[in-house]
Amino acid sequence: MLEVGCGSGGGAHFLAERAAEVVAIDTASAKLSEARSAFRRRNLQFALAEPDRLDQSDDAFDIVLVPELERWITRGALIPELKRVLRPGGLALFAVPTEDAPNGMEYTDLLEYLSTSFPQVRTVGEIPFHGTIMADFEPDEIEPQLDCSLIEEDEPPAHYLALCSEEPVVCIGYSVVQVAPEAVDGTRARLEGALEQARR
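Note that this is a predicted model, so its numbers are computed, not measured.

What counts as what
- Residue positions are given per chain, counted from 1 along the sequence in the order it is written.
- Reporting of local features is limited, given that this is a predicted model, to residues whose pLDDT is at least 70; pairs of side-chain atoms are given and counted only at 80 or more, and all residues count toward the totals for whole chains, interfaces and linings.
- Excluded from the side-chain calculation are hydrogens and water; included are all heavy atoms of the structure.
- Starting at the N terminus, helices and strands are each numbered in turn, a helix being any DSSP run of H or I of at least four residues and a strand any DSSP run of E of at least two.
- Exposed residues in this analysis have more than 50% of their type's maximum accessible area, buried residues have under 20%, and partly exposed residues fall in between, with area computed by a 1.4 Å probe over protein chains only.
- Throughout this description, the term nonpolar core refers to a set of buried Ala, Val, Leu, Ile, Met, Phe, Trp, Tyr and Cys residues connected via side-chain atoms within 4.5 Å.
- Note on contacts: a residue pair qualifies if any of its non-hydrogen atoms lie within 4.5 Å across the two residues.
- Aromatic pairing here means that ring centres of Phe, Tyr or Trp (its six-membered ring) are within 6.5 Å. Orientation follows from the plane angle: under 30 degrees is stacked, over 60 is edge-to-face, and everything else is tilted.
- Counting as a charge over the ring demands two things of the Lys NZ or Arg CZ atom: a distance within 6 Å of the ring centre and an angle within 35 degrees of the ring normal.
- For this document, the term salt bridge refers to a Lys or Arg side-chain nitrogen within 4 Å of an Asp or Glu carboxyl oxygen.
- By arc we mean the arc of the directions from the helix axis to the C-beta atoms, nothing more.
- Patch building starts from residues that exceed 30% relative accessible area and form no salt bridge, then joins like charges within 9 Å and nonpolar side chains (Val, Leu, Ile, Met, Phe, Trp, Tyr) within 5 Å.
- Accessibility throughout is a Shrake-Rupley quantity obtained with a 1.4 Å probe, and a residue counts as covered only by protein chains that appear here.
- Positive residues here are Lys and Arg, negative ones are Asp and Glu, while His and the chain termini are left out of the count.
- The atoms used to mark charge sites are NZ of Lys, CZ of Arg, CG of Asp and CD of Glu.
- When DSSP finds at least two bridges between two strands, those strands are taken to pair.
- Lines fitted to C-alpha atoms define the axes here, with helix axes fitted over just the stretch in contact, and angles between the N-to-C directions of these axes take values from 0 to 180 degrees.

Asks: Before we move on, can you summarise unusual backbone geometry with the specific residues and values?
Replies: Where the residue is not glycine, phi is negative for most of them; where a peptide bond is considered, it is trans in most cases. You will see that Asp59, though not glycine, has its phi angle at about 60 degrees, which is positive. Secondary-structure assignment places Asp59 in the loop between strand E3 (44-48) and strand E4 (61-66). In this structure Asp59 comes out as partly exposed when scored by relative accessible area, which is 44%.

Asks: For the nonpolar core, give the residues involved together with the corresponding values.
Replies: Judged by nonpolar contacts, the single largest core of 27 residues is most densely connected at Leu2, Ile25, Val64, Val66, Leu82, Phe94 and Leu110. When residues of this core are traced back to their parent elements, those giving at least two are strand E1 (2-4), strand E2 (22-26), E4, helix H3 (78-85), strand E5 (86-97), helix H4 (107-115) and strand E7 (159-165). Sequence-distant contacts of Leu2, that is, excluding residues within four places in its chain, are made with Val23, Ile25, Leu54, Phe61, Ile63, Val64, Leu65, Leu82 and Val85. Counting residues in hydrophobic clusters, the runner-up holds 16 residues, among them Cys6, Ala12, Leu15 and Leu32.

Asks: Residues and numbers for the packing of aromatic side chains, please.
Replies: A complete count under the given rule lists two aromatic pairs for this structure. Lying across the ring of Phe14, Arg18 places its NZ or CZ 3.7 Å from the centre. Of note, Lys83 hangs over the ring of Phe118, and the distance from its end group to the ring centre comes to 5.7 Å.

Asks: Please provide a residue-by-residue account of the pattern of salt bridges, values included.
Replies: With the rule as written, the count across this model stands at nine salt bridges. Ionic pairing is found between Asp58 and Arg84, a salt bridge with its closest N-O pair at 2.6 Å. Here Arg84 lies in helix H3 and Asp58 lies in the loop between E3 and E4, a separation of 26 residues in the sequence. Residue class for Arg84 comes out partly exposed when judged on its relative accessible area of 25%.

Asks: If you had to explain H3 to someone new, which residues and values would you point to?
Replies: Each α-helix winds once per 3.6 residues, and so residues spaced three or four apart point in a common direction. All of the buried residues along H3 are Leu78, Ile79, Glu81, Leu82 and Val85. Taken end-on, H3 shows its buried residues confined to a sector of 160 degrees, consistent with a single buried face. The inward-facing, buried residues of H3 contact E1, E4, E5 and H4.

Asks: An account of a negative patch on the surface is requested, with residue identities and associated values reported.
Replies: Together, Glu99, Asp100, Glu106, Asp109 and Glu112 line one region of the surface with negative charge. Here Glu112 shows up in helix H4. With relative accessibility at 57%, the residue Glu112 sits in the exposed group.

Asks: Summarise the sheet that holds E1; cite the residues concerned and give the values.
Replies: Pairing is mixed across the open sheet formed by seven strands, whose spatial order is E3-E2-E1-E4-E5-E7-E6. One side of each edge strand has no neighbouring strand; the edge strands of this open sheet are E3 and strand E6 (120-126). Ignoring which end each strand starts from, the neighbouring axes of this sheet average 15 degrees apart. Two elements, E1 and E2, share three bridges in a ladder whose sense is parallel. What sits directly across from Leu2, in E2, is Val23. With respect to the sheet, helix H2 (residues 29-38) is in contact with E2 and E3, its orientation differing from that of E3 by roughly 160 degrees.

Here it is, written out as structure tokens:
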């Protein structure tokens, strides 16, 4: 896996616990020093690099992840360069805030931007909510129950996640994903912000 814009490394460490090998790059040397000190794994490499001029061979990665596409959107060579290092049939994932946020993008603009390089683009929306899990420990198998009564039917997403490939991308229609706030840079602040909006 290649992570573009790894910051202080929490997300890259999370990925390295699940992937065979992770290369995490950023343009901020101070953040990379922090990441190297905090997270050490044999399958995790932090590198100072420009994402539109990578020192990687063609078809080097199965997955390319860009968690903050808005940081790099003005670099015209970004997407072609990432596609160059992505193996045929590999998957590229791009996350970007929606148009309501600073430097965010409208859905149609994101789709147009990515479709010029990837024949298959599938986009899902992230709608933040705060919840607590209640688990019954008696049954052998726990059937998850989801209470979405506080989520309005037309609530807009906060982020778009685009999955891009040369082959068709299959998405789960609806999913709830557990997030460890301390694991990914900025996640705690985003969740607290969403909770504050829900209180209003």
